[in-house]
Amino acid sequence: MTARPLPGAPVADALLARVAGRVSALPQAPRLALVRVGEDPASVSYVRSKDKKAHQVGLQSEVFALPESTSQTELLALLDRLNADVAVSGILVQLPLPPHISEEAVLLAVDPAKDVDGFHPYNVAQMWAGRAALNPCTPAGILELLDFYAVPVAGQRAVVVGRSEIVGRPMAAMLLARDATVTIAHSRTADLAAVTREADLVVVAVGRPHFLTPDMVKPGATVIDVGINRIEVEGKGKIVGDVHPDVAQVAGGLTPVPGGVGLLTVAQLMANTVTAAELVQDRG
Ligand SMILES: Nc1nc(=O)c2c([nH]1)NC[C@@H]1CN(c3ccc(C(=O)N[C@@H](CCC(=O)O)C(=O)O)cc3)C=[N+]21
């Protein structure tokens, strides 16, 4: 058997087309503030692609590129200004931040109504309660993908491998909200392969190249690869996922890397920005 490929591009295109329609129904284009500190090459490239995509769907966006030497106080002052600016609908602070800045303090400082990453503790609590308006982009994008390809979620056994704050934990909360039976597995899970083999749906977000191997997958299961690992193969840089390519021989469906979940992360950020603007609009 070979797994059905589940590419992100058609899902992202459909989502972005809906976003563009919602943008044109608003009296004013929502504005997205993209904040990054320092020059980490991956962050520079991710923020650039978010900025580009925002403009493509008719959003306004602005990149605030702050030097590595920026103090936490200065960053918090910028966030205060963006929180107070009624023209700004969404604020994203690109992670990771330099070590002298507390991520916790920064995420707390973003107005929850403008928190398009869904990382503020208020939004995290709402998400676990099953009623968040702004959900973290990667897991929300994965649900879009599952719906697009008509992969069933309700009543299914889902195993999320990885317990990060930005993917694993929110993914588990959102699958639970969609009535899956959810297990969170991680580096301390005993007999991980036996756990993942129970799953109809496996989401892997551990950041280790080719971590999930065919013996860990139930035949026919859907496998979602969240990994973005930059490795060297024969002297050339390459991006590979957390899923071993041979999993395609066992799985029923498999997302590619690149070209899978990453595209949906960016598309969902645009959707969250419009949602934030609509919420303000509805409140009057
Ligand atoms: N506050 C915050 N919010 C984030 O959403 C956030 C973050 N910080 N820090 C880093 C991670 C990573 N991330 C990705 C965005 C786009 C692709 C993406 O476009 N991937 C493409 C291209 C591959 C590539 O060049 O990486 C693909 O998978 O095909 C991947 C990963 C957002 N993140």
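Residues numbered from 1 in each chain as written. Predicted model: local features only at pLDDT ≥ 70, side-chain atom pairs only at ≥ 80, totals over all residues. Heavy atoms only, no water.

**A look at the UniProt feature "domain: Tetrahydrofolate dehydrogenase/cyclohydrolase NAD(P)-binding" (unreviewed entry) in the protein chain**
Put simply, the rule reads: UniProt positions are given in the numbering used here, feature names are shortened, and annotations may be inferred rather than shown by experiment. Secondary structure elements follow DSSP: runs of H or I of four or more residues count as helices, runs of E of two or more count as strands, with numbering from the N terminus.
As annotated by UniProt and renumbered to match this structure, "domain: Tetrahydrofolate dehydrogenase/cyclohydrolase NAD(P)-binding" (unreviewed entry) occupies residues 136-278. Between the end C-alpha atoms of residues 136-278 there is a gap of 17 Å, over a span that is 31% helix and 21% strand.

**A closer look at the pairing of strand β9 (residues 229-233)**
Test applied: DSSP-based pairing: two strands are paired if at least 2 bridges between them are found.
Where β9 lies against strand β10 (residues 236-240), 5 bridges are found, and the strand directions are antiparallel. When the sheet's bridge partners are listed, Glu232 is paired in β10 with Gly237. Where β9 hands over to β10, the hairpin turn is made up of 2 residues, of which Glu234 adopts a positive phi near 50°.

**A few points about the domain arrangement of the protein chain**
Bring the parts together and some accessible area is lost; that lost area is often taken as the interface size. In plain terms, the rule: What fixes the domain bounds is an automatic or database domain assignment.
If you check the domain split of the protein chain, you get domain 1 (27-111) and domain 2 (136-262). Computed over C-alpha atoms, the centres of domain 1 and domain 2 are 28 Å apart.

**Digging into the sheet that holds strand β7 (residues 201-204)**
This is how the line gets drawn: Residue contacts follow a heavy-atom distance rule, with two residues in contact if any of their heavy atoms lie within 4.5 Å. Helix axes are fitted only over the stretch in contact, all axes being lines through C-alpha atoms; the angle between N-to-C directions runs from 0 to 180 degrees.
Pairing within the open sheet is parallel, and its 6 strands lie in the order β1-β11-β8-β7-β5-β6. Pairing within the sheet leaves two strands with one partner each, and these edge strands are β1 (4-5) and β6 (181-185). Where strand β8 (residues 222-225) lies against strand β11 (residues 253-254), 2 bridges are found, and the strand directions are parallel. Within β11, the position partnered with Val223 by the bridge is Leu254. Packing against the sheet, helix α7 (residues 168-177) makes contact with β5 (157-161), β6 and β7, and its axis sits at approximately 170° to β5.

**Considering the UniProt feature "domain: Tetrahydrofolate dehydrogenase/cyclohydrolase catalytic" (unreviewed entry) in the protein chain**
Following the UniProt record, the feature "domain: Tetrahydrofolate dehydrogenase/cyclohydrolase catalytic" (unreviewed entry) maps to residues 7-117 here. Regarding residues 7-117, the helix share stands at 47% and the strand share at 18%, and the terminal C-alpha atoms are separated by 23 Å.

**Overview of helix α6 (residues 137-148)**
Short version of the rule: In this analysis, the expected span of each helix is defined as 1.5 Å times one less than the number of residues it contains. Burial here depends on accessible area, computed with a 1.4 Å probe over protein chains only, as a share of the maximum for the residue type. Under 20% is buried, over 50% is exposed, and the range in between is partly exposed.
Over its 12 residues, α6 extends 16 Å from the first C-alpha to the last, a length consistent with the 16 Å expected when each residue adds 1.5 Å. By the criterion of burial, α6 is predominantly enclosed, with 9 of the 12 residues buried. Those residues of α6 hidden inside the fold are in contact with α1 (9-24), α7, β7, β8 and α9 (261-283). Once α6 ends, the next one or two residues include Ala150, with phi positive near 55°.

**Thoughts on the sheet that holds strand β2 (residues 31-37)**
The 3 strands lie next to each other as β3-β2-β4, forming an open sheet whose pairing is parallel. With partners counted over all chains shown, the strands left at the sheet margins are β3 (60-66) and β4 (88-93), one partner each. Between one strand and the next, the sheet's axes are offset by a mean angle of 20°, whatever the strand orientation. Of the strands in this sheet, β2 and β4 are in contact with α9, which crosses β2 at around 125°.

**Side note on the site of the ligand**
Using the following cut-off: Here, proximity means that at least one heavy atom of the residue falls within 4 Å of the molecule or strand. N or O atoms closer than or at 3.5 Å make up a polar contact, with two conditions inside protein: a donor-capable atom paired with an acceptor-capable one, and, for residues adjacent in sequence, both atoms drawn from side chains. Under the convention used here, a 1.4 Å probe and the Shrake-Rupley method define accessible areas, while residue burial counts only the protein chains that appear. All residues other than Ala, Val, Leu, Ile, Met, Phe, Trp, Tyr, Cys, Pro, Asp, Glu, Lys and Arg, Gly among them, are scored as polar; the first ten of these are nonpolar and the last four charged.
Around the ligand, a shell composed of 16 residues is seen, among which Val93, Gln94, Leu95, Asp117 and Gly259 lie nearest. Here Val93 contributes a backbone N or O atom positioned 2.8 Å from a nitrogen atom of the ligand. One of the backbone N or O atoms of Leu95 is found 2.8 Å from a nitrogen atom in the ligand. Burial of the ligand by the protein amounts to 82% of the accessible area it has alone, namely 670 Å². Elements that contribute at least two residues to the shell around the ligand include exactly α2 (41-56), β4 and α9. Broken down by element, the residue count for the shell around the ligand peaks at 3 residues, all from α9. Looking at side-chain class alone, the shell around the ligand contains 9 nonpolar, 4 polar and 3 charged residues.

**Things to note about the side chain of Asp225**
For the record, the criterion: Charged-residue counts in this description rest on Lys and Arg as positive and Asp and Glu as negative, His and the chain ends being excluded. Salt bridges are defined as contacts in which a side-chain nitrogen from Lys or Arg sits within 4 Å of a carboxyl oxygen from Asp or Glu.
Take Asp225: it is sitting in strand β8. The charged side chain of Asp225 is buried without a salt bridge, its nearest counter-charge being Lys238 at 11 Å. A distance of 3.2 Å separates the side chain of Asp225 from the backbone nitrogen of Val243, its partner in a polar contact.

**Overview of the packing of α1 against α6**
Going by this rule: Note on terminology: angles under 35 degrees are roughly parallel, angles over 145 are roughly antiparallel, angles of 65 to 115 are roughly perpendicular, and the others are oblique.
Their axes nearest at 10 Å, the elements α1 and α6 cross at an angle of 105°. Regarding the angle of α1 to α6, the classification is roughly perpendicular. Packed against α1, whose contacting residues are Pro10, Val11, Ala14, Leu15 and Arg18, the element α6 presents Glu144, Leu145 and Phe148 at the interface. For the contact of α1 with α6, the residue count by class is 6 nonpolar, no polar and 2 charged.

**What about the environment of Asp117?**
Take Asp117: it is sitting in the loop between α4 (103-109) and α5 (121-128). Take Asp117: its relative accessible area is 11%, and that puts it in the buried class. In this structure, the C-alpha to C-alpha distance between Asp117 and Glu198, residues 81 residues apart in sequence, is 31 Å. The residues contacting Asp117, other than those within four sequence positions of it, are Leu92, Val93, Asn135, Pro136 and Cys137.

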